[in-house]
Amino acid sequence: MTVKSTARARKKAAPGVPDNLRAGTGAAPELVQLLTPEGDRVEHPDFPLVTSPEELRALYRDLVLVRRFDAEATSLQRQGELGLWASLLGQEAAQVGSGRAMRPGDYAFPTYREHGVAWCRDVDPLNLLGMFRGVNHGGWDPNEKNFHLYTIVIGAQTLHATGYAMGITKDGADDAVIAYFGDGASSQGDVNEAFTFASVYNSPVVFFCQNNQWAISEPTTNQTRIPLYRRASGFGFPGVRVDGNDVLACLAVTRWALDHARTGNGPVLVEAFTYRMGAHTTSDDPTRYRGSEETEAWKAKDPITRLKAHLEKEGLADDAFFAGVEAESDALGLRVREGVRSMPDPDPTLIFDHVYAEPHALVDEERAEYVAYAASFEGGEQN
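Residues numbered from 1 in each chain as written. Predicted model: local features only at pLDDT ≥ 70, side-chain atom pairs only at ≥ 80, totals over all residues. Heavy atoms only, no water.

## A few points about the pattern of salt bridges
Phase 1 of the analysis: Tallied over the entire structure, the rule returns 24 salt bridges.
Phase 2 of the analysis: With a closest N to O distance of 2.7 Å, R67 and D302 form a salt bridge. With R67 in helix 2 (residues 53–78) and D302 in the loop between helix 11 (292–299) and helix 12 (303–313), the pair connects residues that are 235 residues apart, well separated along the chain.
Phase 3 of the analysis: Judged by relative accessible area, D302 falls into the buried class, the value being 14%.
Phase 4 of the analysis: Notably, a salt bridge pairs D106 with R262, separated by 2.8 Å at the nearest N-O pair. With D106 in the loop between helix 3 (92–101) and strand 1 (107–109) and R262 in helix 10 (residues 247–265), the pair connects residues that are 156 residues apart, well separated along the chain. Across this residue pair, the class does not change: D106 and R262 are buried.
Phase 5 of the analysis: Linked through salt bridges whose partners overlap, the residues forming this network are R103, D106, D174, D259 and R262. (Salt bridge = Lys/Arg side-chain N within 4 Å of Asp/Glu carboxyl O. Helix = DSSP H or I, 4+ residues; strand = E, 2+ residues; numbered from the N terminus. Buried < 20%, exposed > 50% of the residue type's maximum accessible area, 1.4 Å probe, protein only.)

As C-alpha cells, this is what we get:
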C-alpha cells in the first residue's frame, strides 16, 4: 500500500472544515476570538470551547509564569549571564494556548522562541537558559518531552515536522505534529516545500505561524500581498487566522486543527495574529524601525490582562489566587537567577563528543590538536 493510500485509509470522522476555511474559497474568515481585550467571553460557531474555572485559572498561571521566566532571561542577558535571548513578550497566549491543545503523544517542532510551548511540554526553563548560556546543546530529551530541540535555521523545522508527520502516517499512529514558525519564515523556501509535501502526502501536521508582524525588522506587508493564512489554499489545505493574544481562541483553534490532522484529513495552517512587544532578540533595537504608538496600542490587547479581567468579572478567581500566582512567579524568578549563575562552565572538549554517532578518526585528531593547543597556555599568560 502506498503512503497516499495509507493516508486515505486513515480518514475517519473528524470535525468538519467550516465553509469559509475550505481551500480554494474566496471568502475571508474573520479573526477567531473567544475572549475580547476587555475580558468578555464570546462564542464562535465553528470553534466552541468549554472550560472549567480550574482550567481558566491554570491557563492564567501558565501565562504569568512564562512571562516571568522570559523577563528574567532578558535581564540575565543584559547582565552578561546569557549570550543572547529571543523574548516572547506579547506572544504568551499563542504559545500557551497552542501548547495546551496538544495531547501527550503529539510532537512539537519549535523555532528558538517557543519558551511557552516548552513550558507546556514540561521542559525545565533552566535547560533552555543553559543553551543560551552556552553550557549545553539543549539539555532535554526531545523524545521524552515530544518537544524537539530549538531550531536556529529559519524555517528548517517545518520540513523536519512534515517528515515526522509522514512517519506517523506510515506507522498508523493516532498522533499529530505541530510546527512553529514566524511571519518572516513564511517566505523561506523550506516552509513552502513543507507545505507541498504535507499537502500531497496528507500528513497530520499543523503549521502554526506566530505572526508578530515584524519578522526581524520588516513589516509583514513587505513580504506578502495577502494575509498569511490564505496561502494555505494554494497548497490545498485549510487556513485560519486566530487572535494570537486570546489564549482561549488559540486553544480552541489549535485543538480543532490537531484533531483535523490526526484523523487523516491533512494539514492545517494556523496564523496567530499577535505582536512582538519587545525586540527580535536582545541584539536588536526595535525603536529603529517602528513607532511607539503601535506598541502602545497593542498593550491594550495584552493576553494576561484580558484573562485576568475575565476571571475577575466572572468571579472565578479571588485576591488570594492572584497573590499565590504572584508568589509562585517570584519563586520561579529566584530559581532562574540562581540556577543560571551557578551553572558550571562546560569542558571545552565536549564539543567533539557528539559530532558523529560513532568514533571518527578526523574528529579524534582535531580533539587532540585542541587539547595540545589549550595546554600550551597553562602556566603562562594568554595573549
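After that view of the structure, there is still more to cover.
## Quick word on the sheet that holds strand 3 (residues 205–211)
Phase 1 of the analysis: Spatially, the five strands line up as an open sheet ordered 1-2-3-5-4, and their pairing is parallel. Both edges of this open sheet fall to strand 1 and strand 4 (239–243), since each of them pairs with a single strand only. Across the sheet, the mean angle separating the axes of adjacent strands is 20° when strand polarity is ignored.
Phase 2 of the analysis: Pairing of strand 4 with strand 5 (residues 268–273) involves five bridges; the strand directions are parallel. Bridge assignment links G239 to a residue of strand 5, and that residue is L269.
Phase 3 of the analysis: Against the sheet, helix 10 touches strand 2 (177–182), strand 3, strand 4 and strand 5, its axis set at about 160° to strand 4. (Pairing = 2+ DSSP bridges. Axes fitted to C-alpha atoms, helices over the stretch in contact; angles between N-to-C directions. Contact = heavy atoms within 4.5 Å.)

## Description of the environment of D243
Phase 1 of the analysis: Within the element layout of this structure, D243 appears in strand 4.
Phase 2 of the analysis: Sequence spacing of D243 and A93 is 150 residues, and the spatial spacing of their C-alpha atoms is 9.1 Å.
Phase 3 of the analysis: The residues touching D243, leaving out its near neighbours within four places in the chain, are L31, V32, Q33, A249, C250, F273 and R306.
Phase 4 of the analysis: Polar side-chain contacts of D243 include one of 3.0 Å to the side chain of R306. (Polar contact = N/O pair within 3.5 Å; in protein donor to acceptor, adjacent residues only side chain to side chain.)

## Focus: helix 5 (residues 125–133)
Phase 1 of the analysis: P125, L126, L128, L129, G130 and F132 are the residues of helix 5 that are buried.
Phase 2 of the analysis: Those residues of helix 5 hidden inside the fold are in contact with helix 2, helix 4 (115–120) and helix 13 (319–341).
Phase 3 of the analysis: For helix 5, the N-terminal capping position is held by D124, with its side-chain oxygen 2.9 Å away from the main-chain nitrogen of L126.
Phase 4 of the analysis: Just downstream of helix 5, G134 is the residue with a positive phi angle, here 90°.

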